[in-house]
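What the coordinates show
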Amino acid sequence: MLLLQPRVTFSQNWKVVSSSITFKIKHAFGSTAEGSFKGLTSSIFFDTNQLLKTSMNASLEARTIDTGLGLRDKTLRGVKYFDVEKYPKIDMTCTQAERGAKANEYIGTFEVTMRNKTKSLKIPFTFIQTGNTGLFKASFQINRLDFGIGESSALLGDTVTIFVTLNTTSI
């Protein structure tokens, strides 16, 4: 007698239901400045069994930068840094995904665009699926000068650490 096991399948299209995009950068006299961005829009197709078909696109509203200090935020939104009037979006597009060294670890090759400058970055991330929900997490560093964000300064570090958490549901 042939027994058929019911197979549960989920769409591998993911909708972000909540997100956290934060950053840290060394600041004057050994302190650290921290902040966040809001305004995420995204489309995600990610299937751990079909990594070649991965498609991830995300965009942030640069004007949403928030460090908790109004004057600093105004400066960061200005012409010398993000120039949010001229460059309102920060965009990321995944061009390739591959398995990492451990379970649930992946490495994505992303085209990151800020201030009309695009750089290809390898970004490690984790993905954990529980039923029809998924959790994407990443932590990576960029050099802000590569994107024309500010100038080299003794008061502000060049390397920014970015932390991304996306809670998703399959659609």
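Predicted model only: the values in this text are computed from it and were never measured. (Residues numbered from 1 in each chain as written. Predicted model: local features only at pLDDT ≥ 70, side-chain atom pairs only at ≥ 80, totals over all residues. Heavy atoms only, no water.)

1. Side note on the pattern of salt bridges
- Scanning the entire structure with this criterion turns up 5 salt bridges.
- Among the ionic pairs, Glu34 bridges to Lys24, the shortest N-O distance being 3.9 Å. Of the two residues, Glu34 is situated in strand β2 (residues 32-37) and Lys24 in strand β1 (residues 13-26); the sequence distance between them amounts to 10 residues.
- Owing to a relative accessible area of 43%, Glu34 belongs among the partly exposed residues under this scheme. (Salt bridge = Lys/Arg side-chain N within 4 Å of Asp/Glu carboxyl O. Helix = DSSP H or I, 4+ residues; strand = E, 2+ residues; numbered from the N terminus. Buried < 20%, exposed > 50% of the residue type's maximum accessible area, 1.4 Å probe, protein only.)

2. Notes on the nonpolar core
- Counting 40 residues, the largest nonpolar core has Phe46, Phe82 and Phe136 as its most contacted members.
- Among the secondary structure elements, those contributing two or more residues to this core are β1, β2, β4 (55-61), β5 (89-99), β6 (105-114), β7 (117-130), β8 (133-143) and β9 (159-170).
- Looking at this core element by element, the count peaks at 5 residues for β1.
- Dropping the residues within four chain positions of it, Phe82 is found in contact with Phe37, Ile65, Leu76, Arg77, Tyr87, Ile90, Met114, Arg115 and Ile149. (Core = buried A, V, L, I, M, F, W, Y, C linked by side-chain atoms within 4.5 Å. Contact = heavy atoms within 4.5 Å.)

3. Quick look at unusual backbone geometry
- Although it is not a glycine, Asn104 sits at a positive phi angle of roughly 70°.
- When you line up the elements, Asn104 lands in the loop between β5 and β6.
- Its identity as a non-glycine residue notwithstanding, Arg115 has a phi of 50°, on the positive side.
- By secondary structure assignment, the location of Arg115 is in the loop between β6 and β7.
- On the basis of relative accessible area, Arg115 is assigned to the buried category, the value being 16%.

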